[in-house]
Amino acid sequence: MSAPQVIRAEGLSKSFVVGRDLLGRPTRRVRAVDDVSLSVGARETLALVGESGCGKSTLGRMVMCLIPPDHGTVEMHGQPVSHRSERDLRQVRRKAQLVFQDPYSALNPRMTAGQLIGEPLMLHDLVPRADRAARVAELMEAVGLAAPQADRYPHEFSGGQRQRIVIARALAAEPEIIVCDEPVSALDVSVQSQILNLLVDLQERLGLSYLFISHDLGVVQQMADRVAVMYLGRIVEIGTAAEVLDAPRHPYTRALVASAPVARPGKRRGSPPVEGDLPSPVAPPPGCHFHTRCPFAEDICRREVPALISGEAGGAAAACHFRDSLPPAEPPRPAATPSPALARLMTAFHAGSVP
Amino acid sequence: MMPRAAVLPPPDFLPEPDMAEPLIEVQNLAVDFLSAEGPLRAVDDVSLSVERGRTLGIVGESGSGKSVTSLALMGLLPRRSARVSGSVRLDGRELLDLPETALRDLRGDVISMIFQEPMTSLNPAYRVGDQIAEAVERHRGGNAAAAWTRAVEMLRRVGVPSPELRARDYPHRLSGGMRQRVMIAMALACDPDLLIADEPTTALDVTIQAQILHLMGELQREAGTGIILVSHDLSVIAETCDEVAVMYAGQVVERAPVAAIFEAPEHPYTLGLLGALPARRARAGGARQRLPVIPGTVPQLHEMPRGCRFQGRCPFRIARCAEPPPMEPVGPGRESRCWRTPLEALAA
Ligand SMILES: Nc1ncnc2c1ncn2[C@@H]1O[C@H](COP(=O)(O)OP(=O)(O)OP(=O)(O)O)[C@@H](O)[C@H]1O
Ligand SMILES: Nc1ncnc2c1ncn2[C@@H]1O[C@H](COP(=O)(O)OP(=O)(O)OP(=O)(O)O)[C@@H](O)[C@H]1O
Ligand code: SF4
Ligand code: SF4
Ligand SMILES: [Mg+2]
Ligand SMILES: [Mg+2]
């Protein structure tokens, strides 16, 4: 690899204490993230997908150095970040910004949009006081808000507009990478597409990188260059978006892709792609964590943790003992393709042209 | 009431829609919430029907009135602050005229509901088995032991492992997926004729969602239950429903068989929604394509335009749209609320 990656994480692990005895000694721990490595290049979007509680947010926060890892290291542009150095941390916390799911709780209700967006400018001392108002107006415009709205409070905005404020606030710090933690999950489809387009525009204009956390494969398909799939704290598959989503190797990725509902009318029959519930992260199954639900599981899967490596044919890395011998995955079900008449109608609608 | 035997064939073999008598028929339903500024109409002129063994999907954005409509059908809106008008006929019987006591007998028996967040309807202080058994005892009579047996059997049927043990658990000890299964077990314990499921899988992960939707489909096929499935997710609707009602700003704006909605939408809002779905899109020349968007936002209840409620966002708007468009037939088994249907003519 030539140019250093914007962010590189090696061997990150984190566990949380979730039970203590009478003397306060830890009795139960959750291994939220277990030996995970990843990197994000310039102008690249790496998507992190997986089900609730698999460790996506914890990983994202470690990558941003918001929480210290138990093990592992984070580098920015090839420079290791030390959690003991205030300077290092301040640097990372400016260059890596977080945009998260809930645009309602992310904003202090007592501050105006203008104050919220201006705060990072002041915090990181990026713009002289006299120019701040102008910069706030510029940022608001960049995310599609009108400058006069700067005096309004969060409750006076819709959900989509609040998410724009959150994004403008993140941009104010002049970041290189934004960790987007489920940025559109709380939004309706029609608002969601506006925000996704905004993120793509900003990436192209400002050369941003994204670590894009989502459980929605449609959204991931829209945004990602590469995709990492997590299951119970570990990455089980990582590769280009086409490799992982169109020809998934790992049995869990296959289950995920096959479970995602598709906008194609017709009742789905047959059995669901995987049986069983997610195991408790407090006591994950030994060996391959997925063996309790995997249709291909054998003895070795219960004993040995499979390595995350590419198969003989190259391509995505998959943490599965049988990565080279599994039957080919069923092709993902495509959404319905619009008829020519419908496609024309949609084009007319979205072009805003009045026939 | 139709004899049960008549409702058992799988939905594929049901007679044509216009021949079957609807299980529930809703006409011109309206809900006004009383507020300091006067009544606010949250649901307006909603007409729907569902046949036995069939699933009607209600889709629409946040605040479009899906939940209020569901609650109105169940008679669960607060009588003090919500005024419900129109007609809701279940098996020929008018529900809106029934006193609360009669409704309570119907709920959980003939008609039951699954909510998005199971903790809102599971009592945290009681074991889940007791909660199901209580519903069985209340509606079906019999002794406590028989009701408990039925509860355990229902938990087994919805795929709860070791149901005898789990029945003794309190709700907070169960995972989200398990709680949702318990809700379904409770809703179906008395073999209701109609099940209203309001976003039953929105809070769940996709692999669990697929299991729950499959389960609902199986139980429906066994018992011939009519289902109203409320969702904001068009993909879920596509995979589970026979018919779809699209809601916008408190009104149903389009109603059609599911294939027709996706193949030839007859309301501009439906068209916009379909276009905005993120999907596996080809990436032309490495550049990421923009998603089509519906510009603007939904009008608030207190600032509803007089004419078509979609007019502020509709590129097909004409002068006439300042008048409220009626819901009118636009083809076999389908209706739309738009002055410019059939839309096909606009694409020529
Ligand atoms: N501060 C904490 N204390 C204790 N446990 C925690 C803490 N933060 C996370 N966990 C646990 O670590 C695991 C991973 O959590 P995390 O929030 O990273 O998952 P996630 O993939 O982001 O899930 P979701 O999709 O629900 O947001 C979960 O089991 C969670 O309960
Ligand atoms: N008890 C109430 N009092 C006053 N207004 C209400 C009440 N319940 C709902 N509303 C209003 O009625 C409208 C419809 O709400 P409803 O909950 O039915 O939307 P929804 O389609 O279910 O949305 P979501 O997808 O967010 O669940 C909203 O504008 C809401 O604010
Ligand atoms: S290692 Fe075994 S259990 Fe794990 S995914 Fe592969 S086949 Fe399944
Ligand atoms: S009635 Fe007019 S404004 Fe409303 S959806 Fe139809 S064309 Fe658009
Ligand atoms: Mg999270
Ligand atoms: Mg609702």
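Conventions we followed
- Residues numbered from 1 in each chain as written.
- Chains lettered and ligands numbered in written order.
- Predicted model: local features only at pLDDT ≥ 70, side-chain atom pairs only at ≥ 80, totals over all residues.
- Heavy atoms only, no water.
- Near = heavy atom within 4 Å.
- Polar contact = N/O pair within 3.5 Å; in protein donor to acceptor, adjacent residues only side chain to side chain.
- Areas by Shrake-Rupley, 256 points an atom, 1.4 Å probe, with all protein chains shown as cover.
- Helix = DSSP H or I, 4+ residues; strand = E, 2+ residues; numbered from the N terminus.
- Buried < 20%, exposed > 50% of the residue type's maximum accessible area, 1.4 Å probe, protein only.
- Pairing = 2+ DSSP bridges.
- Contact = heavy atoms within 4.5 Å.
- Axes fitted to C-alpha atoms, helices over the stretch in contact; angles between N-to-C directions.
- Salt bridge = Lys/Arg side-chain N within 4 Å of Asp/Glu carboxyl O.
- Nonpolar A, V, L, I, M, F, W, Y, C, P; charged D, E, K, R; others polar.
- pLDDT = per-residue confidence, 0-100.

A. Examining the site of ligand 2 more closely. All names here are of chain B. In the vicinity of ligand 2, the contacting residues are F33, A42, E61, S62, G63, S64, G65, K66, S67, V68 and L301. Within the backbone of S64, a nitrogen or oxygen atom sits 3.2 Å from an oxygen atom of ligand 2. Here an oxygen atom of ligand 2 sits 2.8 Å away from a polar atom, N or O, in the main chain of V68. When ligand 2 sits alone it has 640 Å² of accessible area, and the protein chains cover 61% of it. It is helix α1 (residues 66–74) that contributes the most residues to the shell around ligand 2, 3 residues altogether.

B. Inspection of the environment of B:G92 at higher detail. Residue and element names in this part refer to chain B. Tracing the backbone shows G92 in the loop between β4 (82–90) and β5 (93–94). Note on G92: relative accessible area 41%, which makes it partly exposed. For the pair G92 and L23, spaced 69 residues apart in sequence, the C-alpha separation works out to 7.9 Å.

C. Geometry of the sheet that holds strand β5 (residues 79–80) of chain A. Residues and elements named next belong to chain A. An order of β2-β1-β4-β5 is seen for the 4 strands of this open sheet, with the pairing classed as antiparallel. Lying at the two open borders of the sheet, with one neighbouring strand each, are β2 (26–40) and β5. Summarising the sheet, strand β1 (residues 7–20) and β2 pair through 10 bridges and their orientation is antiparallel. Looking at β2, one finds that K14 is bridged to V33. Sheet strands in contact with helix α1 (residues 56–63) are β1, β2 and β4 (71–76), and its direction is about 125 degrees off that of β1.

D. Structural view of the side chain of A:R293. Relative to the helices and strands, A:R293 resides in the loop between α9 (251–259) and α10 (299–303). According to the relative accessible area criterion, A:R293 is buried, its value standing at 7%. In this structure the side chain of A:R293 is engaged in a polar contact, spanning 3.1 Å, whose partner is the side chain of B:T207. Non-local contacts of A:R293, meaning those with residues more than four positions away in its chain, are made with A:E51, A:Y231, A:V274, A:E275, A:G276, A:D277, A:L278, A:P279, B:T207, B:I208 and B:Q211.

E. Highlighting the pattern of salt bridges. This model, assessed by the stated rule, comprises 39 salt bridges over all chains. Between A:R8 and A:E10 there is a salt bridge, and its shortest N-O distance comes to 3.7 Å. Given a relative accessible area of 26%, A:R8 falls into the partly exposed group. On the basis of relative accessibility, which here comes to 39%, the residue A:E10 falls in the partly exposed class. Note that B:D191 is salt-bridged to B:R150, the shortest N-O span being 3.9 Å. Placement of the pair is B:D191 in the loop between α6 (176–188) and β7 (194–198) and B:R150 in helix α4 (residues 144–157), with a sequence separation of 41 residues. The exposure class assigned to B:D191 is partly exposed, which follows from its relative accessible area of 30%. Look at B:R150 and you get buried, because its relative accessible area is 18%. Linked through salt bridges whose partners overlap, the residues forming this network are B:D32, B:R41, B:D44 and B:R309.

F. Fine view of the site of ligand 1. Residues and elements named next belong to chain A. Contacts to ligand 1 come from 13 residues, most closely from S52, G53, K56, S57 and T58. At 2.7 Å from an oxygen atom of ligand 1 is found a side-chain nitrogen or oxygen belonging to S52. One nitrogen or oxygen atom from the side chain of K56 is found 2.7 Å from an oxygen atom belonging to ligand 1. A total of 3 residues in the shell around ligand 1 trace back to one element, the largest contributor, which is α1. Along the lines of polarity and charge, the residues of the shell around ligand 1 split into 6 nonpolar, 5 polar and 2 charged.

G. Highlighting the confidence of the model for chain B. All names here are of chain B. Overall, the predicted model of chain B reaches an average pLDDT of 88, with 91% of residues at or above 70. No element of chain B has a lower mean pLDDT than α6, at 88, and none a higher one than strand β10 (residues 251–257), at 98. Note that pLDDT drops below 50 for residues 1–19; the model gives that stretch 21 contacts with residues more than four away or on any other chain. Interface scoring of the predicted complex returns ipTM 0.89; its pTM is 0.91.

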